[in-house]
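# Understanding the architecture of this molecule
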Amino acid sequence: MQDTRLALPTLQVGPPPILLLASEPKSAKAARKFVREYVAHHVPRASDDHVENVVLVACELVTNSIRYGTEPDDLVRVVIDADDGRTRVEVHDPVRRHPRTRPESGERDRGRGLIILDALCVAWGVSDAVFGKAVWAEVKAP
């Protein structure tokens, strides 16, 4: 006998782990908000310092992706995963060129992104994707 019951959809509780952003500067603000809400919901015991470090890392990754990894009308995808031990942020863009350290410039307000990742993250790296790359970073919870 065939089972004719309908499957009920699974409801997601809390913010989703993926955010799509336009490749424009104001998307960094949306990424900061997204990360704060996600970590607050999924890791409610996270310290304020941890949340702010993850927000800064995500903002740097998104900003660098928009500046160096997109063309107009491209999308940037932010993927986050968090637990009591660490928070991982990935930013996907369509350009395969990997990030590289640039000279710091006070005039251009640039050149500090990878230095920030080195200071705040237990690990970070780049993975090639079918269409572009993913730059990821992990921030350890205190």
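Residues numbered from 1 in each chain as written. Predicted model: local features only at pLDDT ≥ 70, side-chain atom pairs only at ≥ 80, totals over all residues. Heavy atoms only, no water.

### Focus: the overall build of the protein
Helix and strand counts for the protein stand at three helices and five strands. Counting only residues that meet the buried cut, the protein has 38% of its 142 residues in that class. For the protein, restricting intrachain contacts to residue pairs at least 6 apart in sequence, the fraction spanning at least 24 positions comes to 62%. Just so you have it, the protein exposes about 9100 Å², and 54% of that area is on carbon and sulfur atoms. (Helix = DSSP H or I, 4+ residues; strand = E, 2+ residues; numbered from the N terminus. Buried < 20%, exposed > 50% of the residue type's maximum accessible area, 1.4 Å probe, protein only. Contact = heavy atoms within 4.5 Å. Areas by Shrake-Rupley, 256 points an atom, 1.4 Å probe, with all protein chains shown as cover.)

### Topic: the packing of aromatic side chains
Using the criterion set out here, one finds one aromatic pair in the structure. Considering the side-chain rings of Phe-34 and Tyr-38, the 6.3 Å spacing of their centres and the 45° angle between planes classify their relative orientation as tilted. Of this pair, Phe-34 and Tyr-38 both sit in helix H1 (residues 27-42), four residues apart, which is roughly one turn of that helix. (Phe/Tyr/Trp six-rings, centres within 6.5 Å; stacked < 30°, edge-to-face > 60°.)

### Points about the pattern of salt bridges
Following the criterion strictly, the structure yields eight salt bridges and no others. Lys-33 serves as the salt-bridge partner of Glu-37, at 2.8 Å between the closest nitrogen and oxygen. Residue Glu-37 and its partner Lys-33 are located together in helix H1, separated by four residues, close to a single helical turn. We classify Glu-37 as partly exposed; its relative accessible area is 39%. (Salt bridge = Lys/Arg side-chain N within 4 Å of Asp/Glu carboxyl O.)

### Some words on the pairing of strand S5 (residues 132-140)
Within S5, eight of the nine residues are buried, leaving the element largely enclosed by the surrounding structure. The pairing of strand S3 (residues 86-93) with S5 spans eight bridges and is antiparallel. Bridge pairing in S5 places Arg-88 opposite Glu-138. Relative to S5, strand S4 (residues 123-129) runs antiparallel, the two being bridged by seven bridges. The residue of S5 that forms the bridge with Ala-123 is Glu-138. Counted between consecutive antiparallel strands, the loop separating S4 from S5 contains two residues. (Pairing = 2+ DSSP bridges.)

### A few points about the sheet that holds S5
If you trace the five strands from one edge of the open sheet to the other, you get S1-S2-S3-S5-S4, paired in antiparallel fashion. At either end of the open sheet lies a strand with only one pairing partner, and these are strand S1 (18-22) and S4. Averaged over all neighbouring strand pairs, the angle between strand axes comes to 20°, with direction disregarded. With five bridges connecting them, S1 and strand S2 (residues 75-82) associate as antiparallel partners. Paired with Ala-22 across the bridge in S2 is Leu-75. Here helix H2 (residues 48-68) sits on the sheet in contact with S1, S2, S3 and S5, set at roughly 10° to S3. (Axes fitted to C-alpha atoms, helices over the stretch in contact; angles between N-to-C directions.)

### Some words on a nonpolar patch on the surface
Taken together, the side chains of Ile-18, Leu-20 and Leu-75 define a hydrophobic patch exposed on the protein surface, amounting to about 290 Å² of accessible area. Mapped onto the elements of the fold, Ile-18 is located in strand S1. (Patch = residues over 30% accessible without salt bridge, like charges linked within 9 Å, V, L, I, M, F, W, Y side chains within 5 Å.)

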